[in-house]
Structure formats: structure tokens, C-alpha cells
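# Analysis of the macromolecular model
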Amino acid sequence: MAKTSKVIVAGAGPVGLLTALALAKRDVSVLVLESEPGLTLDLRAGTYHPPSLEMMAPYGITDEMHKTAIKVPRWQIRDKREGVIVEWDLSVLKDVTAYPYRLHLEQHRLTPIIRAKLAQFPNAEVRFSHEVTDFSQSADSVKVTARTADGLERLEAQWLVGADGGRSTVRKSMAVGFEGYTWPERFLVASTGYDYEPHGYTLNAYVADPEHWNAMFKMPGDGPPGLWRVLFPVKPEEDEEAALSDENVERLMQSFQPKAGTYPIRYKSMYRVHQRVASNFRAGRALLVGDAAHLNNPIGAFGLNGGLHDAVNLADKLARVCHGEGDTGLLDLYVRQRRTVNLEYVQEYSVRNLKRLIAKTDAERRQNFDELREVASTPEGRRSFLMVSSMIASVQRANAIT
Ligand SMILES: Cc1cc2nc3c(=O)[nH]c(=O)nc-3n(C[C@H](O)[C@H](O)[C@H](O)COP(=O)(O)OP(=O)(O)OC[C@H]3O[C@@H](n4cnc5c(N)ncnc54)[C@H](O)[C@@H]3O)c2cc1C
């Protein structure tokens, strides 16, 4: 590949890889720089909504995912004491999407699929162990500095896409703000082969409780019977090592669902959760996508999905600009569309979803449950709730912004 590509993408996470693939397919030469020596393997997102599956289908990714992923057509909102409050059925959306379900597949199983598709394009290259440290720009190019094992490397392109995650170096170099806040509680996630379905749980369920709320997701793991991920809150004052100890994880698992014998735990990890949106997704020739542009709590699974929607939206417009259409507002339209829906939908509903789970007083909880039951009591209510929670409404809203 030539030393200069049209576009450099910082970060080979799912969003950076999809951006690169969508550009390469549109005949734009693209270079992905990834700081790690390979694709990351840690426990992260794993729920895909219908629009994401539609957007990835033209690249053959969605079909590939279906070979190992788990379809989740129904999911529950529950209360720890009362049990099921509402069970949603996505099949009511079958007239608006070819994928009327949530699809569960670990994020670290998605990235190799996208990477393999990208490898089929001679105009695309991924360089691992290349950490973007800085960039500068002129009227017609960007100069990117990357730290490699052999020292600093300087690369040039016409455009830079920052897909380098929540701590984005590109965003910091763009000097745009990242307003928002961090939740005081951290989230602990444990994966077990124990099966919760016989206890009445759908393959994705959210369990409200003032102290011990949970979220759960069945993931494919290494294949059938799969693994259940259970999410727990960890109080701000709790020590991380103590929270992740075998004894504490066992205590949490038993308090969630008591059972004879200890829980087999395959993975456990803990992370901080933020609600933040970059003040702009663009500074001249540099653009932000995915976690580099916005962060949210995982209740509702909007983070990665929103990032995938950014990738496809931006790549479509950037390719047109690269092919000479002239940037007559196309890239600013990307920012308006994706930043607006991040604020109006992703931030708004992810916060609402989490607050519903953690509501402290009986009166609040009662009001939440009454509202949910009311919405679920009519076909129109169910449909409108599912249009938002499946992110179809947010994509429609973005497309309507001109
Ligand atoms: C610990 C953790 C747990 C999560 N759990 C959930 C969950 O349960 N549910 C959910 O919906 N979402 C979850 N998320 C969020 C979800 O994983 C993200 O929304 C998703 O990963 C965003 O994809 P991305 O490609 O934008 O960023 P990332 O996946 O973070 O990818 C960024 C990539 O950029 C690379 N990089 C970073 N800096 C540089 C640099 N300077 N130069 C070059 N490369 C760089 C990184 O190594 C990484 O490969 C979690 C996130 C984290 C961090």
C-alpha cells in the first residue's frame, strides 16, 4: 500500500474496523492504526440491535454473526421482589426490520469477522502496535504520528477518523470537550455456565432493585450451551480487588439466584461507566466515531450499536467527499445527525433505563412499573417502546435531519 492513504483510522475496535471496511468497499484507500499488538479480547459489549444488523448485512458480517450468535426475540424488565414486570416481544417489529430480535455475540467475536472482511480489500491495511500519539492538519491533509516498536512513525492522509475508544487521543488532540459525568457505582460482570432459563429468565433481562439490581445476557461463549453474563453494581467505597475476589463473586451470584454448590465462573471483570458526549465530532479533517465520540452506561446496549451507526453514516459521506463531491456540508451533516441522536436517544434512554433499575423509593418503583405496564398494555404502546429500545427510532430520526 502507498505510504499515503486517503483516510487513517485510529483504533481497530469494532467501530474503527467497520468504518475502514465501509470506506474500502467504496474504493477509498484506508489505513487502520491500532496500539495493541492484536485485536482486543476483553469482555465488553455483546448485544446487537436490528439497525446494526441491517447496516452490517451488505458486508456479509450479519450472516457470519448468525452462525454462532444467539437470537433474543423476547426480553424482560423484572423486579427482584415482584418478578416479571413486562416481557417484550420484538416480533411485533417484523414489518419494519428483517431482524426482529436482539442478537447476542461477544464483541471480541465480532471484530475478527470484520477484520477478515477487511482483509479482502487490497486498498485497506491494518497496522498493529501503532499507537497514535498526535496529529496536525493543514488545508488539505492530516499528519499523524504513531509510536511503534521502532520509534515514532509519521504518516499522512487526507482525513483522520478517531475510533480510538473512550480515552481517545484523537479527541484530545482535537481539543474538543467531553462533557458529562461518571456514575459513582462501578459495574462488575461475571460469566457462568449455569443456566438461568429454567428459572423463567429470558436470554436478556433487567432486574430492578434499590440495592442489588442486575442485568443478564446469555452469550454464545465457545458454543452451546453458552455462558450467562450477570452484571452487578459495586459501591464506590468498595475495593476493586475485594469486589472481584472469588468469595465476593460467589456471594453476589448466590444472592441473585441461590443454588446448591458453588457457581462455575468463567470470567469476571469490573469497569467504570460514563455518560459523556464530545462537544463536536469534527475538527477540520479529523472526525470522531464510537466511544471516542460518546460514552453511556450499558443498560439498553446502545453504546457499541450507536458507534456502528456512526461508522456507516460517516463512511458513506466521507467516501463521497474523497471521490470529489466536495465537502459542501456533508461531514457537518454527519455530526448533526449522529451527535443529535446520541444526545436525544442514547444518552436520554440509557440514563432512563439505569435509573429505572436503581430507583430507591417504593413510590418511584411503583410509578416506573405502572408506567411500563401501561405502555405494554396496548399494541401501539408496545410498538413505540420497542422502536426506541431497538434503536430503529434513533436511526429514523438521524436520517430525517438535513
Ligand atoms: C470494560 C468495558 C466493558 C464494556 N461493557 C459493555 C457492555 O457490557 N455492554 C455494552 O453495551 N457496552 C459495553 N462497553 C462499551 C462497548 O464495549 C463500546 O461501546 C465499544 O467497544 C465501542 O467500540 P469502539 O470501537 O468505539 O471502541 P473500542 O472497542 O474501545 O476500540 C478502540 C480501539 O482503539 C485502540 N486504541 C486506543 N487508543 C489508541 C491510540 N492512541 N492509537 C491507536 N489505537 C488506539 C484500542 O486498543 C481499541 O482497539 C464496555 C466498554 C468497556 C471499556
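Rules used throughout
Residues numbered from 1 in each chain as written. Predicted model: local features only at pLDDT ≥ 70, side-chain atom pairs only at ≥ 80, totals over all residues. Heavy atoms only, no water. Helix = DSSP H or I, 4+ residues; strand = E, 2+ residues; numbered from the N terminus. Buried < 20%, exposed > 50% of the residue type's maximum accessible area, 1.4 Å probe, protein only. Contact = heavy atoms within 4.5 Å. Areas by Shrake-Rupley, 256 points an atom, 1.4 Å probe, with all protein chains shown as cover. Axes fitted to C-alpha atoms, helices over the stretch in contact; angles between N-to-C directions. Parallel < 35°, antiparallel > 145°, perpendicular 65-115°, else oblique. Left-handed = near helix turned anticlockwise from the far one by under 90°. Nonpolar A, V, L, I, M, F, W, Y, C, P; charged D, E, K, R; others polar. Pairing = 2+ DSSP bridges. Polar contact = N/O pair within 3.5 Å; in protein donor to acceptor, adjacent residues only side chain to side chain. Expected span 1.5 Å × (residues − 1). Arc of directions from axis to C-beta. Core = buried A, V, L, I, M, F, W, Y, C linked by side-chain atoms within 4.5 Å.

Moving on to the overall build of the protein chain. The number of helices and strands found in the protein chain is 12 helices and 21 strands. A principal-axis box enclosing the C-alpha atoms of the protein chain has dimensions of 60 × 45 × 40 Å. The buried share of the protein chain, taken over its 402 residues, is 57%. Long-range contacts, defined here as pairs at least 24 residues apart, represent 74% of the contacts in the protein chain between residues at least 6 apart. Carbon and sulfur atoms provide 51% of the accessible area of the protein chain, an area that totals close to 16,700 Å².

With that out of the way, let us pick up the packing of helix 1 (residues 14-25) against helix 4 (residues 107-118). Direction vectors running N to C along helix 1 and helix 4 enclose 20 degrees, while the axes themselves pass 9 Å from each other. For the element pair helix 1 / helix 4, the angle class is roughly parallel. Relative to helix 4, helix 1 is oriented so that their crossing is left-handed. Side by side, helix 1 and helix 4 meet where P14, L17, L18, A20, L21 and A24 of the first sit next to Q107, L110, T111, I114, R115, K117 and L118 of the second. Taken together, the residues of the contact of helix 1 with helix 4 sort by class into nine nonpolar, two polar and two charged.

Our next topic: the sheet that holds strand 13 (residues 186-192). Here seven strands make up an open sheet; going across it, the order is 6-5-14-15-16-13-17 and the pairing mixed. Single-partner strands in this sheet number two, and they are strand 6 (83-89) and strand 17 (265-271). Taken pair by pair, the neighbouring strands of this sheet meet at an average axis angle of 15 degrees, ignoring direction. The pairing of strand 13 with strand 16 (residues 227-234) spans seven bridges and is classified as antiparallel. Looking at the pairing, V189 lines up with L231 of strand 16. Sheet strands in contact with helix 9 (residues 330-358) are strand 5 (74-79), strand 13, strand 14 (204-208) and strand 15 (214-219), and its direction is about 55 degrees off that of strand 14.

Tracing the backbone through its elements, the reader meets V126 in strand 8 (residues 124-127). Spatially, the C-alpha atom of V126 lies 9.2 Å from that of A20, the residues being 106 residues apart in sequence.

We now examine the environment of R109. With respect to the helices, strands and loops of the structure, R109 is situated in helix 4. Distance from R109 to G60, taken between C-alpha atoms, is 15 Å for residues 49 residues apart in sequence. In this structure R109 touches G221 and D222, once residues within four positions along its chain are discounted. Separated by 2.8 Å, the side chain of R109 and the backbone oxygen of G221 make a polar contact. Here D222 takes part through its side chain, which lies 3.4 Å from a polar atom of the side chain of R109.

The next thing to look at is helix 10 (residues 362-376). A rise of 1.5 Å per residue sets the reference length of helix 10, with its 15 residues, at 21 Å; its end C-alpha atoms lie 21 Å apart and thus fit the reference within 8%. Of the residues making up helix 10, those classed as buried are R365, N368, F369, L372 and A376. Angularly, the buried residues of helix 10 cover 90 degrees about the axis, an arc narrow enough to put them on a single face. Turned more than 90 degrees off the buried face of helix 10, the exposed positions are A363 and E374. For helix 10, the elements touching its buried residues are strand 5, strand 6, strand 14, helix 9 and helix 11 (379-389).

Right, let's get into the nonpolar core. Among the nonpolar cores identified, the biggest contains 78 residues, and V7, Y48, I61 and M65 are the most heavily contacted of them. Membership of the second largest hydrophobic core comes to 36 residues, among which are L90, L386, V388 and A393.

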